[in-house]
Every structure is written in C-alpha cells, then in structure tokens.
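Working through the structure, step by step
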Amino acid sequence: HLYLSINGIRDGEVVARVVRACPRLRSLFVGLNPLGDAGARVLLEALAGHPTLERLEIGAAGLTDASLPGLQRVAESPQLKCLVLSSYKSTVFFAGEHNNFTDLPGICALAQRVQGLGLNSAVPGIPVEDLEQALGAAAPETVVMATGLTRGEGANETFRLLSHPEQVEHIDSIYRNECH
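The following refers to the structure shown. Treat the numbers as computed from the prediction; the structure is a model and nothing was measured. (Residues numbered from 1 in each chain as written. Predicted model: local features only at pLDDT ≥ 70, side-chain atom pairs only at ≥ 80, totals over all residues. Heavy atoms only, no water.)

Now for the overall build of the protein. On a plain count of helices and strands, the protein comes out with eight helices and seven strands. Per-residue burial over the protein gives 50% buried out of 180 residues. For the protein, the proportion of contacts with a sequence separation of at least 24, taken over those separated by at least 6, is 76%. Here the protein displays about 8,500 Å² of accessible surface, and carbon together with sulfur accounts for 51% of that area. (Helix = DSSP H or I, 4+ residues; strand = E, 2+ residues; numbered from the N terminus. Buried < 20%, exposed > 50% of the residue type's maximum accessible area, 1.4 Å probe, protein only. Contact = heavy atoms within 4.5 Å. Areas by Shrake-Rupley, 256 points an atom, 1.4 Å probe, with all protein chains shown as cover.)

It is worth spelling out the nonpolar core at this point. Counting residues in hydrophobic clusters, the biggest one holds 46 residues, and the most contacted among them are L28, L56, I58, L85, L119 and L131. Elements that contribute at least two residues to this core include exactly α1 (12–20), α2 (36–47), α3 (68–75), α4 (104–111), α5 (128–138) and β6 (143–146). Here the element with the most residues in this core is α2; it accounts for six residues. (Core = buried A, V, L, I, M, F, W, Y, C linked by side-chain atoms within 4.5 Å.)

Turning to the pattern of salt bridges, a few remarks are in order. On inspection of all chains with the given rule, the structure shows five salt bridges. Ionic pairing is found between K81 and E54, a salt bridge with its closest N-O pair at 3.7 Å. On the criterion of sequence distance, the pair formed by K81 in the loop between α3 and β4 (82–84) and E54 in the loop between α2 and β3 (55–57) is long-range, its members being 27 residues apart. Connected through salt bridges with shared partners, the residues R26, E54, R55 and K81 form a single ionic network. (Salt bridge = Lys/Arg side-chain N within 4 Å of Asp/Glu carboxyl O.)

It is worth spelling out the side chain of S86 at this point. Here S86 is to be found in the loop between β4 and α4. Among the residues examined, S86 registers a relative accessible area of 6% and is labelled buried. A polar side-chain atom of S86 sits 2.9 Å from the main-chain amide nitrogen of N120. (Polar contact = N/O pair within 3.5 Å; in protein donor to acceptor, adjacent residues only side chain to side chain.)

A word on the packing of α3 against α4. Direction vectors running N to C along α3 and α4 enclose 15 degrees, while the axes themselves pass 9 Å from each other. One way to sum up the angle between α3 and α4 is to call them roughly parallel. Taken as a pair, α3 and α4 cross one another with a handedness that is left-handed. Between α3, through L68, L71, Q72 and A75, and α4, the contact on the second element is made entirely by G106, I107, A109 and L110. For the contact of α3 with α4, the per-class residue count stands at six nonpolar, two polar and no charged. (Axes fitted to C-alpha atoms, helices over the stretch in contact; angles between N-to-C directions. Parallel < 35°, antiparallel > 145°, perpendicular 65-115°, else oblique. Left-handed = near helix turned anticlockwise from the far one by under 90°. Nonpolar A, V, L, I, M, F, W, Y, C, P; charged D, E, K, R; others polar.)

Next up, the structure:
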C-alpha cells in the first residue's frame, strides 16, 4: 500500500516511476494532490494493466472528463475493486481542487468495472436523481458513494472495507485524525 495523499504532487511522472517499481502494489492513495488532467494522464498510463492494483484513491486532484479514458483503462484490470474520485472534508482546508466529472456515460462505464466507486463532490453537474437512475441501470451491483446517494446493501461498511484495507486504516496522520 502506498499512501501519497496531500503531498503537493503535481508531476504524475514522479508517482508513475514509483508505481512501475512496485509490481506488487495493492493500493495507491494520491488524493488531494494537484495533479490535474495532465499529471493524472501519465500516472494513469503507468497504472493501466497493473497486475496487482486493487484500489486507487485519486480524489480532489482537479480531474475532469478528460481523465475518464485513462481511468477506464485502469478500471479494465480485473483486480481493481475500488476507485475513489471523491473529495474529502479536508479538501478546502488543504486548498485542494475537487474533481469535476460531467460525463454520465463515462461514470457509468467506470461503475461497471469496479465493486466500489466513490464520487462524493466529484459529479457536481449531474443531478443525484439522474446519477442514481443511470448507475442503477448500468451497474446495479456496484456500491456507489456520492453526495446525496448511497447505493448498495450495507453500502457504508462495504465501501469502507473496499477502499481501506485494515493496514491503511491504522495510519496515524493529521489527515485521518485531526481534520475530520
């Protein structure tokens, strides 16, 4: 598990080099870094087809619909269980930039490929009703967490387990313990 959230990382190539050097990487947390679409493109290219990646948290990174093709290539991996594109309670505190996706078919395509999809504050232009209807039709088995929408049996607990393995839950950090 590699936790690089809130490090001011703008250059996706830096993280991509680390990813390439970690063939057994199971989790990558790069949320709250100002990657933007350009930085994410390089990182997502390195993650596409990664043989062991189970979860990717890349929330509040300033991503837009331009990053969806790269995210979809990463989500094609059968090992990927959880994709978190959400913002966090601490996003504003750390001057992070929310992801902003408006392509509903693209979001549905991601949901079809993973067991858990985190979208809190990442789809501000899509009405909750439209999101719920489209995701219900496209990916009825996927646990989805989005502002105003929690879908799936035992969704909160299931999503927590998908997105944060036990080893990661015990990280002692200001982000996890002081800002929530």
